[in-house]
Structure formats: C-alpha cells, structure tokens
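# A look at the structure
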Amino acid sequence: ELAKEKEGYLFPDTYFVSPAIKPEALIEKMVKTFNEKISSVPGLATSTQSLKDVITMASIVEREARAMESRKIIAGILWRRIKIGMPLQVDVSFAYINGKHTFNLTLADLKIDSPYNTYLYKGLPPGPIGNPGLDSILATINPTETKYLFFLTGHDGKMYYAQTFEQHKRNKALHLN
C-alpha cells in the first residue's frame, strides 16, 4: 500500500536486505536505485517526453514484450498511435485495473470506466502500471519507427505485427485461435 504512490519509480532489481527491513526503507532503497539507474540513461535528458510519460510508456512496454527488439518496435507503435490520435488499446493495463490478463479479458472488461482503460481513453494512462526495467525505459526513449499500428503476442510467445486492422485480425485468427 505504501509503494502504490511510487508505482513506476521502484526499480525492479535483486535486493539483498534484512528480513527485518521496514517497508519505508525498502521503498526508499528502490527509489534510490531507480534514480541512480536512470541518471545514466542516454537520451533521457534530451527527450521531448516528460519523465512521467517515459516511465508510464515504459511500464506498458515492460509488460507487452520481453526482448529488446520487440520492446523498441512496440514503443514505436504506441508513440505513433498517440501521435495520430489513436487509442493505445493495450490489454496489459487491465492487469492494473482488475487483475485480468490478455487471454482472460471479456468485452465487458473493455468497457470498464477507468482512466487506465486505454480502449476508452486516448493517450497515456494517468501513471505507470508497473515498474519498468532499464531495457523498457531505453526502448521507450529510442523506439523503432515502423509502419505498424498493431501488434500481438501469439500463443507461441512470438510477436506479430500489422500495418492495417485487417492484417491484425488475420494475425489474431492465425496466432490466437
């Protein structure tokens, strides 16, 4: 509960601490590590995006992809969606809203009125949905620009990209059913 307000700014890492550590001290340690790690991130100081926007986007990218290449592509797709006024439509935000993950979502879930519902509301959610690692932060600052507007992770764990909604529907039929 104490960490909730620090969401996104608690660096995910391995910490060796006493079992008797107070929650406040652990939170402080994680925030300090976050500040140390991002102080050396190339491009962060000159980014046109605010730190909050970078960390919020990186928290989404962290949950959407595992490999650096796909993180950079997804970051590029999501920044492009914002630029053209398209909703982000990321399923990972529902784990933050109601604890459900991509394969468990229903049409009713997609209608939940929450500022974190990226199907209903355009732009970034009001804050991070998790604590991104360094790779996701780097990918968010240095995204790969493509012509893609859609992506999904197939049941095989591979990423599939599409330029059009028709191509995306075909990817869904081939890789999710």
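What this report covers is the structure whose coordinates are included nearby. (Residues numbered from 1 in each chain as written. Predicted model: local features only at pLDDT ≥ 70, side-chain atom pairs only at ≥ 80, totals over all residues. Heavy atoms only, no water.)

Below, the discussion takes up the overall build of the protein chain. The number of helices and strands found in the protein chain is six helices and two strands. Element order for the protein chain, N to C, with α for helix and β for strand: α-α-α-α-α-β-β-α. For the protein chain, the C-alpha radius of gyration of 17 Å lies close to 16 Å, the compact-globule estimate for 177 residues. Projected onto its principal axes, the C-alpha positions of the protein chain cover 55 × 35 × 30 Å. Long-range contacts, defined here as pairs at least 24 residues apart, represent 59% of the contacts in the protein chain between residues at least 6 apart. For the protein chain, the exposed area adds up to about 10100 Å²; of that, 54% sits on carbon and sulfur atoms. If the 22 positive side-chain charges of the protein chain are averaged to one point and the 18 negative ones to another, these points end up 5 Å apart. (Helix = DSSP H or I, 4+ residues; strand = E, 2+ residues; numbered from the N terminus. Rg over C-alpha atoms; globule rule 2.2 N^0.38 Å. Contact = heavy atoms within 4.5 Å. Areas by Shrake-Rupley, 256 points an atom, 1.4 Å probe, with all protein chains shown as cover. Lys, Arg positive; Asp, Glu negative; His and termini not counted. Charge placed at Lys NZ, Arg CZ, Asp CG, Glu CD.)

The next subject is the layout of surface pockets. Considering only enclosed or pocket space, the second largest pocket measures out at about 300 Å³ in volume. Lining the second largest pocket are 14 residues, and of these Gly 76, Trp 79, Arg 80, Pro 143 and Glu 145 sit closest to its centre. The set of elements that each furnish at least two residues to the lining of the second largest pocket consists of helix H3 (68–84) and helix H5 (134–141). Of the residues contributing to the lining of the second largest pocket, the split by class is four nonpolar, seven polar and three charged. (1 Å grid on protein atoms, 1.4 Å probe; cavity = no way out; pocket = protein on both sides within 12 Å on 5 of 7 lines; lining within 4 Å. Points joined across faces, edges and corners; volume = space filled by probe spheres on them. Nonpolar A, V, L, I, M, F, W, Y, C, P; charged D, E, K, R; others polar.)

If you trace the backbone, Gln 163 turns up in the loop between strand E2 (159–162) and helix H6 (165–175). With 148 residues separating them in the primary sequence, Gln 163 and Tyr 15 have C-alpha atoms 41 Å apart. Aside from chain neighbours lying at most four places away, what touches Gln 163 is Lys 147, Tyr 148, Leu 149 and Phe 150.

Inspection of every chain in the model, using the stated rule, returns five salt bridges. For Glu 62, the salt bridge is made with Arg 71, and the minimal N-O distance between the two is 3.8 Å. Residue Glu 166 is joined to Lys 169 by a salt bridge in which the shortest nitrogen-to-oxygen separation is 3.1 Å. Within this pair, Glu 166 and its partner Lys 169 are both found in helix H6, separated by three residues, close to a single helical turn. (Salt bridge = Lys/Arg side-chain N within 4 Å of Asp/Glu carboxyl O.)

This part covers the pairing of strand E1 (residues 150–153). Relative to E2, E1 is paired through four bridges, and the arrangement is antiparallel. Across the sheet, the residue bridging to Thr 153 is Met 159, located in E2. Between E1 and E2, which pair antiparallel one after the other, the connecting turn spans five residues, and Gly 157 there sits at a positive phi close to 85 degrees. (Pairing = 2+ DSSP bridges.)

Another point: unusual backbone geometry. Despite not being glycine, Gln 89 shows a phi value in the positive range, around 50 degrees. On the secondary structure map, Gln 89 appears in the loop between H3 and helix H4 (93–97).

Any two aromatic rings considered together are summarised by their centre-to-centre distance and by the angle between their planes. Scanning the model with the defined rule gives five aromatic pairs in all. Residues Tyr 96 and Tyr 116 carry aromatic rings whose centres are separated by 4.6 Å and whose planes lie at 45 degrees to one another, so their mutual orientation is tilted. Of this pair, Tyr 96 sits in helix H4 while Tyr 116 is found in the loop between H4 and H5, placing the two residues 20 residues apart along the sequence. Ring centres 5.8 Å apart and planes at 50 degrees place the aromatic pair Phe 150 and Phe 165 in the tilted group. With a gap of 15 residues between them, Phe 150 in strand E1 and Phe 165 in helix H6 connect regions that are remote in the sequence. The class for Phe 165 is partly exposed, based on a relative accessible area of 46%. (Phe/Tyr/Trp six-rings, centres within 6.5 Å; stacked < 30°, edge-to-face > 60°. Buried < 20%, exposed > 50% of the residue type's maximum accessible area, 1.4 Å probe, protein only.)

Within soluble globular proteins, side chains that are nonpolar tend to cluster in buried spots. Ile 60, Ile 74, Leu 78, Val 90, Phe 151 and Tyr 161 are the most contacted members of the largest nonpolar core, which totals 18 residues. When contributions to this core are tallied by element, the ones reaching two or more residues are helix H2 (51–64), H3 and E2. It is H3 that contributes the most residues to this core, six residues altogether. Setting aside residues no more than four positions away along its own chain, Leu 78 makes contact with Met 57, Ile 60, Leu 88, Val 90 and Phe 151. If you look at the next biggest cluster of nonpolar residues, it comprises 15 residues, including Tyr 15, Ile 27, Val 54 and Ile 55. (Core = buried A, V, L, I, M, F, W, Y, C linked by side-chain atoms within 4.5 Å.)

Structurally, Ala 67 is set in the loop between H2 and H3. Counting along the chain gives 92 residues from Ala 67 to Met 159, while the straight-line C-alpha distance between them is 9.8 Å.

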